[in-house]
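# Coordinate analysis (summary)
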Amino acid sequence: MSSTPPNRTTFSALDRASAWLNTEPLTADALRGRAVLVDFWTYSCVNWLRTLPYVRAWHERYGEHGLVVIGAHAPEFGFEHDLGNVRRAVAELGVGYPVVIDNDFAIWRSFDNHYWPAVFLVDVDGGVAFTHFGEGAYEETEQAIQQVLDVGEGTVDVDAGGFAQAAEWDTLRSPETYLGRARGERRSDRGAAGLALNQWALDGEWSVGAEAAVLDAAGGSLAYRFQARDLNLVLAPPAAGAPVGFAVRLDGQPPGDAHGLDVDAAGVGVVAEPRMYQLVRRRAVDVERTFAITFLDPGVRAYVLTFG
């Protein structure tokens, strides 16, 4: 494992951060001579959610050996700029290590980062000793931490379930799909009945903005033809904050035992806060299904579909 040359300005952006959670501000001077794992995240990202149990475990195991874990929250969507939303996510997800708010992406740029999630391990000399982008490489990351700290422990045993359960990569056939105008693709104008795999359609009165599709009248629906174990959808209630009820169907029927964490077997759920909602988790993943969600009230915003 080799280290890049120390960069004295890498941590300088921390000194200009607008807010910290779970800690008093950590300055560049305070971190000098410390081993630091910087984890770039945004709280609605399924890929980051699946890495969280590992980052949490490294904080808990190696903190006593001198490791400082910092979660640099760099928002993808507008609602993730809101400090209250991030604070709620930190509490609900059990993020116990220091979190720095990077709304202007100054810390992101100081590490020349381009991805969610991403980890940068900075050694005691200030050099970046290890980097990994995306999910996976958990054993390699932990071995790098051990080498930087000069500790010889086995890797942590992480039991990741719920939102954090690893994707079924061998049978996953559906990609991340954005619904906003800026990055939307594969939208069909033929309606739910005519969808091919990985196509989606809107029914009812919608306005499609840069980030999200916004429902203008009650009763509108979104349909997607997918093949995966999990189907997740990033949703936000209306700007006024009133919860919005919804109903989910798979091939026209309630999901039954294929329901996810945020919907019951009858397909009923509520959008109460802006975040990722797991709507489908099924056992038989080798066949295509048509997902549809209908919202009972207007104003809901739909951002991106992800799969696992």
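What this report covers is the structure whose coordinates are included nearby. Only a predicted model underlies this, so the values are computations on that prediction, with no experimental measurement involved.

### Describing the side chain of Asp123
For Asp123, the position within the fold is in the loop between strand E5 (118-122) and strand E6 (128-133). The side chain of Asp123 sits in the buried core without any salt bridge; Arg32 is the nearest counter-charge, 11 Å away. Polar contacts involving the side chain of Asp123 include one to the main-chain amide nitrogen of Asp125, which spans 3.0 Å.

### Side note on the sheet that holds E5
Ordered in space as E1-E4-E3-E2-E5-E6, the six strands form an open sheet in which the pairing is mixed. Looking at strand neighbours, the two that pair on one side only are strand E1 (20-21) and E6, the edges of this open sheet. Relative to strand E3 (residues 67-73), strand E2 (residues 35-41) runs parallel, the two being bridged by seven bridges. Within E3, the position partnered with Val36 by the bridge is Val68. This element, helix H3 (residues 52-62), spans E2 and E3 of the sheet and lies at about 150 degrees to E3. Helix H6 (residues 138-149) rests against E2, E3, E5 and E6 of the sheet, and its axis sits at about 165 degrees to E6.

### Things to note about empty space enclosed by the protein
Within the structure shown, the criterion is met by two cavities of 30 Å³ or more. Of the pockets and cavities examined, the largest cavity occupies roughly 90 Å³. Lining the largest cavity are Asp39, Thr51, Val55, Trp58, Pro117, Ala118, Val119, His132, Gly134, Gly136, Tyr138 and Thr141. Elements with a contribution of two residues or more to the lining of the largest cavity: H3, E5 and H6. For the lining of the largest cavity, the residue count by class is six nonpolar, five polar and one charged. Looking at the second largest cavity, its volume works out to about 50 Å³. The residue makeup of the lining of the second largest cavity, split by class, is six nonpolar, two polar and two charged.

The rules behind each value
Residues numbered from 1 in each chain as written. Predicted model: local features only at pLDDT ≥ 70, side-chain atom pairs only at ≥ 80, totals over all residues. Heavy atoms only, no water. Helix = DSSP H or I, 4+ residues; strand = E, 2+ residues; numbered from the N terminus. Buried < 20%, exposed > 50% of the residue type's maximum accessible area, 1.4 Å probe, protein only. Lys, Arg positive; Asp, Glu negative; His and termini not counted. Salt bridge = Lys/Arg side-chain N within 4 Å of Asp/Glu carboxyl O. Polar contact = N/O pair within 3.5 Å; in protein donor to acceptor, adjacent residues only side chain to side chain. Pairing = 2+ DSSP bridges. Contact = heavy atoms within 4.5 Å. Axes fitted to C-alpha atoms, helices over the stretch in contact; angles between N-to-C directions. 1 Å grid on protein atoms, 1.4 Å probe; cavity = no way out; pocket = protein on both sides within 12 Å on 5 of 7 lines; lining within 4 Å. Points joined across faces, edges and corners; volume = space filled by probe spheres on them. Nonpolar A, V, L, I, M, F, W, Y, C, P; charged D, E, K, R; others polar.

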